[in-house]
Amino acid sequence: ETGVTQTPRHLVMGMTNKKSLKCEQHLGHNAMYWYKQSAKKPLELMFVYNFKEQTENNSVPSRFSPECPNSSHLFLHLHTLQPEDSALYLCASSWTGGNGELFFGEGSRLTVL
Amino acid sequence: GESVGLHLPTLSVQEGDNSIINCAYSNSASDYFIWYKQESGKGPQFIIDIRSNMDKRQGQRVTVLLNKTVKHLSLQIAATQPGDSAVYFCAEKGNAGNMLTFGGGTRLMVKP
């Protein structure tokens, strides 16, 4: 139990579907992150939220839409994805201004058909 | 959580031997470094960290060495066990901001 919970753990969707990934952290952190881990590249930072405000968008296509309603919850809304978007999507949290250590969830394995 | 298909450097060791995993970092201004372990089907987990004002830090069966002159970080695992089989990532944080930059990872395989 890492204190960061991601659902669903596995998701299969077609290119025309709309789905969402959910992340919840129980660590009292104030920063949350989405990372993409694919078979062809190492960990890629997608989005960062500090105190519910988006502070980083790492040139992510608009078919990925993040939402952070509060410091404990983070969503990644998915729409008209491509097969190359198939990957493990990892959520993480941390303290803003802390040493930088990230606490990761178990990930959501996404397959786009 | 495994990086299936990703061409990761692989280190294969015999159970009971010591393992050394290396990482070269790029930012000479980085002031904090972390090693993460990612087992199959799981997210990365913190193993050990070190600040730039230190050159060595020891944990339980693990030691991290930092050589700032050549920008090199290593993770030593003593008496490697089958449960140590995983992908290991190093991460560095610059002295401005809170962002970690991750290395590509090394797959450790422990032979019984």
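First things first, this report covers the structure right here in the doc. It should be emphasised that the depicted structure is a prediction, and the values quoted were computed from it without experimental measurement.

### With respect to the state of the cysteines
Here a disulfide denotes a covalent bond joining the sulfur atom of one cysteine to the sulfur atom of another.
Part 1 of the argument: Applying the stated criterion across every chain, the model contains two disulfides over all chains.
Part 2 of the argument: Covalent S-S linkage joins A:Cys23 and A:Cys91, the inter-sulfur distance amounting to 1.9 Å. Between A:Cys23 and A:Cys91 the sulfur-sulfur dihedral comes to about -75°; the bridge is accordingly left-handed. Of the two residues, A:Cys23 sits in strand β3 (residues 18–25) while A:Cys91 sits in strand β9 (residues 87–94), which places them 68 residues apart along the sequence.
Part 3 of the argument: Its relative accessible area of 0% is what places A:Cys23 among the buried residues.
Part 4 of the argument: Here B:Cys23 connects covalently by a disulfide to B:Cys90, the sulfurs 1.6 Å from one another. In this pair, B:Cys23 is assigned in strand β2 (residues 19–24) and B:Cys90 in strand β8 (residues 86–93), connecting sequence segments 67 residues apart. Like B:Cys23, the residue B:Cys90 is buried in the burial classification.
Part 5 of the argument: Just so you know, A:Cys68 is unpaired, no disulfide at all, and the nearest cysteine sulfur is the one on A:Cys91, 9.0 Å from it.

### Observations regarding the interface of chain A and chain B
Part 1 of the argument: Contact residues are listed per partner, giving 26 residues for chain A and 25 residues for chain B.
Part 2 of the argument: A buried area of about 1,800 Å², summed over both sides, lies between chain A and chain B, and 53% of it is on carbon and sulfur atoms.
Part 3 of the argument: Our count for the chain A to chain B interface comes out at zero salt bridges.
Part 4 of the argument: Our count for the contact surface shared by chain A and chain B stands at four residue pairs in polar contact (both at pLDDT 80 or more).

Reading the values: the criteria
Residues numbered from 1 in each chain as written. Chains lettered and ligands numbered in written order. Predicted model: local features only at pLDDT ≥ 70, side-chain atom pairs only at ≥ 80, totals over all residues. Heavy atoms only, no water. Disulfide = S-S within 2.5 Å. Helix = DSSP H or I, 4+ residues; strand = E, 2+ residues; numbered from the N terminus. Buried < 20%, exposed > 50% of the residue type's maximum accessible area, 1.4 Å probe, protein only. Contact = heavy atoms within 4.5 Å. Buried area = accessible area lost by both parts, 1.4 Å probe. Salt bridge = Lys/Arg side-chain N within 4 Å of Asp/Glu carboxyl O. Polar contact = N/O pair within 3.5 Å; in protein donor to acceptor, adjacent residues only side chain to side chain.

Don't take any of this as a statement about function, it's just geometry.
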